[in-house]
Amino acid sequence: MTGRHIDLPVLALGGAALLSSVFTFSSGGPAQVEFVHIRGTGLVLLLICGVAAVIAGILRLRWLAIASGAALLAGALVQLLQADQSINWLAGDGSTVALLGGLGIGLLAVTLTPRTSSAEHPGSSDQKRTANAKPD
């Protein structure tokens, strides 16, 4: 072990973005069920950002996770601005805004929130210890 751990929240959100691409194939069956309307350029954006987030989670590349989250959030904003317009670059609707926005905000939140490791605070699990207490 090199001591370098996988960034699980970023990896999970990247995996969720990739897994969400299965909504593209939701038109089968007797009744069409579309939880998320994701097609064309929106699907490409989702897949590229999902792969980038998975790579960022595995390699702990913070800048790549931020870029992926920002791209997803920008896609959601573009789709939101094009709602009910004749131009629809991402070929989506409100569900596309929700999916891209949720994943983008999630990636940015877990990446930009400062985290403390248990190695920095070895007594953090013991509630009786204080900051000035001497170890036993």
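Right above here is the structure, for reference.
Here goes a summary of the coordinates provided. No experiment lies behind these values; they were computed from the predicted model shown.

### A short note on the side chain of Thr-111
Piece 1. Topologically, Thr-111 is positioned in helix α4 (residues 94-112).
Piece 2. Using a relative accessible area of 8% as the deciding quantity, one classes Thr-111 as buried.
Piece 3. In terms of polar contacts, Thr-111 uses its side chain to reach the backbone carbonyl oxygen of Leu-107, at 2.6 Å.
Piece 4. Excluding its chain neighbours within four sequence positions, the residues that come into contact with Thr-111 are Val-10, Arg-62, Ala-65 and Ile-66.

### Here we look at helix α3 (residues 62-81)
Piece 1. The end-to-end C-alpha distance of α3, which contains 20 residues, comes to 28 Å, matching closely the 28 Å that a straight helix rising 1.5 Å per residue would cover.
Piece 2. Within the span of α3, buried status applies to Leu-64, Ala-65, Ser-68, Gly-69, Leu-72, Gly-75, Ala-76 and Gln-79. Buried residues of α3, seen end-on, are gathered within an arc of 135° and therefore sit on one face of the element. Exposed positions of α3 whose direction lies more than 90 degrees from the buried face are Trp-63 and Leu-81.

### Description of unusual backbone geometry
Glycine aside, residues mostly have negative phi angles, and peptide bonds mostly take the trans form.
Piece 1. Despite not being glycine, Arg-60 shows a phi value in the positive range, around 55°.
Piece 2. Within the fold, Arg-60 resides in the loop between α2 (40-59) and α3.

### Re α2
Piece 1. In this model, α2 (20 residues) spans 29 Å end to end at C-alpha, consistent with the 28 Å of a helix rising 1.5 Å per residue.
Piece 2. Here α2 has its buried residues at Gly-42, Leu-43, Leu-45, Leu-46, Cys-49, Gly-50, Ala-52, Ala-53, Val-54, Ala-56 and Gly-57.
Piece 3. Elements in contact with the buried residues of α2: α1 (8-19), α3 and α4.
Piece 4. Arg-60 occupies a position one or two residues after α2 and carries a positive phi of about 55°.

### Looking at the nonpolar core
Piece 1. One finds Val-10, Leu-46, Leu-72, Leu-100 and Leu-103 to be the most contacted residues of the largest nonpolar core, which totals 21 residues.
Piece 2. Mapped onto this core, the elements with two or more residues apiece are α1, α2, α3 and α4.
Piece 3. Among the elements that take part in this core, α2 stands out by supplying 7 residues, more than any other.
Piece 4. When residues no more than four places from it in sequence are discounted, the contact partners of Leu-72 are Leu-45, Leu-46, Cys-49, Leu-100, Gly-101, Leu-103, Gly-104 and Leu-107.

### Quick word on the packing of α1 against α2
Piece 1. Relative to each other, α1 and α2 sit at 155°, their axes nearing to 7 Å. With respect to α2, the axis of α1 lies roughly antiparallel. Considering only the axes of α1 and α2, their crossing is left-handed. Contact residues: Val-10, Leu-11, Gly-14, Gly-15, Ala-17 and Leu-18 in α1; Leu-46, Leu-47, Gly-50, Val-51, Ala-53, Val-54, Ala-56, Gly-57 and Ile-58 in α2.
Piece 2. For the contact of α1 with α2, the per-class residue count stands at 11 nonpolar, 4 polar and no charged.

### What to know about the environment of Val-10
Piece 1. By the secondary structure assignment, Val-10 is in helix α1.
Piece 2. For Val-10, a relative accessible area of 1% gives the class buried.
Piece 3. Taking C-alpha positions, Val-10 is 6.2 Å from Ala-53, a pair spaced 43 residues apart along the chain.

Thresholds, definitions, all that
Residues numbered from 1 in each chain as written. Predicted model: local features only at pLDDT ≥ 70, side-chain atom pairs only at ≥ 80, totals over all residues. Heavy atoms only, no water. Helix = DSSP H or I, 4+ residues; strand = E, 2+ residues; numbered from the N terminus. Buried < 20%, exposed > 50% of the residue type's maximum accessible area, 1.4 Å probe, protein only. Polar contact = N/O pair within 3.5 Å; in protein donor to acceptor, adjacent residues only side chain to side chain. Contact = heavy atoms within 4.5 Å. Expected span 1.5 Å × (residues − 1). Arc of directions from axis to C-beta. Core = buried A, V, L, I, M, F, W, Y, C linked by side-chain atoms within 4.5 Å. Axes fitted to C-alpha atoms, helices over the stretch in contact; angles between N-to-C directions. Parallel < 35°, antiparallel > 145°, perpendicular 65-115°, else oblique. Left-handed = near helix turned anticlockwise from the far one by under 90°. Nonpolar A, V, L, I, M, F, W, Y, C, P; charged D, E, K, R; others polar.

Any functional reading would require information beyond the geometric quantities listed.
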